[in-house]
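# Examination of the molecular architecture
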Amino acid sequence: MSDALSRTREDFPFLRRTIDGRPLTYLDSASTSPKPQCVIDAVTRVYLEGTSNVHRGVHTIADEVTESYEEARRAIASFINAAPSEIVFTRNTTEAINLVAAGIGLQPDDEVVLPALEHHSNYLPWRLRARVTPLGLKEDGLPLYDDVEGSLTPRTRLLALAHVSNTAGVIAPVRLWADAAHARGVPLLVDASQSASHVPLDVRALDCDFLALSGHKLLGPSGIGVLYARRERLAALSLYQTGGGMVRYHGEDRFEAGEGPQRFEAGTPNIEGAIGLGAAVEWLRGLSMTAVLSHSQDLGRHLVEALREIRGVRIVAGSAPLESRIGLATFGIDAPGFSPEVIARLLCDRYQILVSGGYHCAHILHHRLRREGTLRASTHVFNTHAEIDRLLAAVKEIMK
Amino acid sequence: MYTLSAPEDTSTSPERHAARFQSTLDRALLTIPFYREWKARDPGPSVPIAQRLAALPVLTKRDLRAHVPDGFMPDSRASAAGFASGDIEIVTTSGTSDDRVSVVWHQAWWDRSEREAARIHPALARLFSRPHREAVLTSPVCAGAVCHVGDASMAERTIGSLLFLNQAQDPTAWDERNVRRMADELREFGPEVLEADPAYLAIMARTARAAGLSLHQPACIVLTYEFPSRIHLRAIGRAFPDVPVVSSYGSTETGHVFTQCSHGTFHQNLETSHVDIQPFQPGRGDPAIGRILVSTLDNPWFTLLRFDVGDLARVRGGAPCPCGRREGLAIAAIEGRLRDVTFDTEGRVVTVKGLDDALDRAPGLTGYQVVQSAPTRYVVRFTAEPGEEAATAGAVQELLKGLYGARAEIQTLRENVISPEQSGKFRLSRSTLPVRPEELCA
């Protein structure tokens, strides 16, 4: 076991903070990630030196900040092998998916196929507008991804799945789903919230039509997200919001929306958020995403193998092959009287270990598993094997 | 470009040029507010002109930003009347972000500079001796065609004998439909001259080729607006195999300064400009290369002296150009923008052209952008022909190590596309290290 990326810890000021005078162990990056110094600097620089609006100003600072904002778009496009003109800035993954759900003309009788354990953000926007066909799960919650073909009907209008589920921590077979979708002429949307900071992303190789991600899980600021839409899909989406910045003609008779992604970016955008996210992906890419994935899989393997050894621990999608997992494990503990929330609180208060406890915005999954919540430990580039050991020791102690 | 007049006095003897420049200099120092402070540094008309010039400061874009318009207009001119009559107006350059400046624009002088520059290349000289049609392909920012009236029709984009083809900010987002529309308009309009940003024309050429579209063949292509990469030139050459391609160098501030002759040498337009090349300091770069300082001649409304355009040129050495032109400065190559230079691991300047020449040998390379992030670290974003990505990346690594030095750490990132900056221009290279012209050039 190596901690090849542990040197990156120095770049995260947040990891130097303590709770009750003791250093913390942060294993909650699936919820939100700490920010490296370069992201903090990029955001701060906007406030200190770049106070201007984008795409509107006609002065030097406006030119500079517009260039930085668009440079961030180029960096993000490059990060996922898209074209900048295919990148729309949104508030987060949720808004990105809602933008698609609202823009493809769904009718109440249309069907959207997705795994049953999807996060609310990739479930409710479809449910609001169409019928959802949730794919089956194995007993431990692992989606039956291979059954996708059998779930499609003539009414299927779109397929949606998380590249890496926020509960299962398993890399989904996106290409299989893309092929199934495209054989029917329908688009595939990929929720990359969890995968973006663990797995090299290539929208061309995935062959997806839409891809959504959030900045705050990707070492970037909160309130900034991204929708990738294949060029022709983006052109076909109907307008989601209207307002300033997205229109190129507005007269008494009509209005004409602008071209490319800006037609979906009405109003003043989250400028500093986008620039911060640009800095985040550049930083992450500088580590090499192949190395990042390898580190994540190492930690995931360590975590799952050790959890399997603890009696009374049940891992969500525990039957998934280890090589398909990232550094994330969701697990239930058979400890009567101790809810997942209570255990998470204990881990924080007694051991300064921060994890998630609850439903993780995946109520359907927990309903099917008949569990009142679970714990989730999730890693990032800065985590070490020693921190995994600390968590495992704490869980064992609590279970005693 | 579309206004014709009888040729001006074409006597371009060095003596005549020196006398005209001396008179411009004397008048500017006496009558133009901004240059009054320079007067104290002027050794006076008894000193050779080159020595006088060397004693004067360099005019920068920062100076323009601070003093346009009144600082550069002669006292005696009734500028209000000039603006009211439409003789002059204030325009803003497209630049790249922090280089944007406003200038006093005098259309008649601009037209003259263009006409005179056209005389340098025989194909252009022929075309500009009579009325002709011209199409422009560049960013709508550069073409001044950014409008707030939505999509403009071909008729709305045609001004006299000039057609503006492009309406999109990002040519990498053009699809086949856009290119087909432009190809159709070219065929219908039938321009004799196609003036283009080389990056835009290369994208158009590649897209048209992939879609099997044939493009109208003009009598001449003029490349301007930004540095033409060899990659661009190859793509353009394939789409327009028998059309002469001429590079023209100038700027909104200076008018047309250099035009390539049929032998590829850039010759100076002596009628409306005087040019000095301030070479690199010893040890900082190739001494045959320097920054271009332009003084404008005969512009009654806006006189620039020793203006640093922000670009580099390599002075032509050795035998005179075979085209026979002897007068004025001869430039072997425009080397790109000074702010886009990178540095090798020993701190010596690598110009955009130096980089472009080196990468020309990378097989399958279709586009690139190099960013130097530290004295020995370089990130190369590149696009390549399908299936050749790995070989291209390997070749780029090797070629750049040869260029920057064995200690260079080079990271290659394959891209789907490389998009332009907000100005609409593609930057082939840049460095995060400070680039200070006054320290690099002497």
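Here's what I pulled together on the structure shown here. (Residues numbered from 1 in each chain as written. Chains lettered and ligands numbered in written order. Predicted model: local features only at pLDDT ≥ 70, side-chain atom pairs only at ≥ 80, totals over all residues. Heavy atoms only, no water.)

Residues and elements named next belong to chain A. Read across the sheet, seven strands follow the order 4-10-9-8-7-5-6 without closing on themselves; strand pairing throughout is mixed. At either end of the open sheet lies a strand with only one pairing partner, and these are strand 4 (87–90) and strand 6 (131–135). Looking at each pair of strands side by side, their axes are set apart by 20° on average, direction ignored. Direction of pairing for strand 7 (residues 156–162) relative to strand 8 (residues 188–191): parallel, over a ladder of four bridges. (Pairing = 2+ DSSP bridges. Helix = DSSP H or I, 4+ residues; strand = E, 2+ residues; numbered from the N terminus. Axes fitted to C-alpha atoms, helices over the stretch in contact; angles between N-to-C directions.)

With that settled, consider unusual backbone geometry. Here Val 68 of chain B and Pro 69 of chain B are connected by a cis peptide whose omega angle stands at 5°. Inspection of the secondary structure assignment puts Pro 69 of chain B in the loop between helix 3 (61–67) and helix 4 (79–85). At Gln 352 of chain A, a residue that is not glycine, the phi angle is positive and equals roughly 60°. Following the sequence through the fold, Gln 352 of chain A ends up in the loop between helix 11 (340–351) and strand 15 (353–354). One non-glycine residue, Asp 298 of chain B, adopts positive backbone phi at about 65°. Tracing the backbone shows Asp 298 of chain B in the loop between strand 12 (289–296) and strand 13 (307–315).

Turning our eyes to something else, we now look at the pairing of strand 6 of chain A. Residues and elements named next belong to chain A. Sheet topology places strand 5 (residues 111–115) next to strand 6; five bridges connect them, and they run parallel. By the bridge assignment, Val 112 is partnered in strand 6 with Val 132. Regarding the hand of the β-α-β motif, the stretch spanning strand 5, helix 4 (residues 124–129) and strand 6 is right-handed. (Right-handed = clockwise from strand over helix to strand, strands pointing away.)

Residue and element names in this part refer to chain A. The N-to-C vectors of helix 2 (residues 60–79) and helix 9 (residues 271–287) enclose an angle of 40°; their axes lie 8 Å apart at closest approach. Classified by the angle their axes make, helix 2 and helix 9 are oblique. Taken as a pair, helix 2 and helix 9 cross one another with a handedness that is left-handed. Contacts between helix 2 and helix 9 involve Val 65, Ser 68, Tyr 69, Ala 72, Ala 75, Ile 76, Ser 78 and Phe 79 from the first element and Ile 271, Ala 274, Ile 275, Leu 277, Gly 278, Val 281, Glu 282, Leu 284 and Arg 285 from the second. (Parallel < 35°, antiparallel > 145°, perpendicular 65-115°, else oblique. Left-handed = near helix turned anticlockwise from the far one by under 90°. Contact = heavy atoms within 4.5 Å.)

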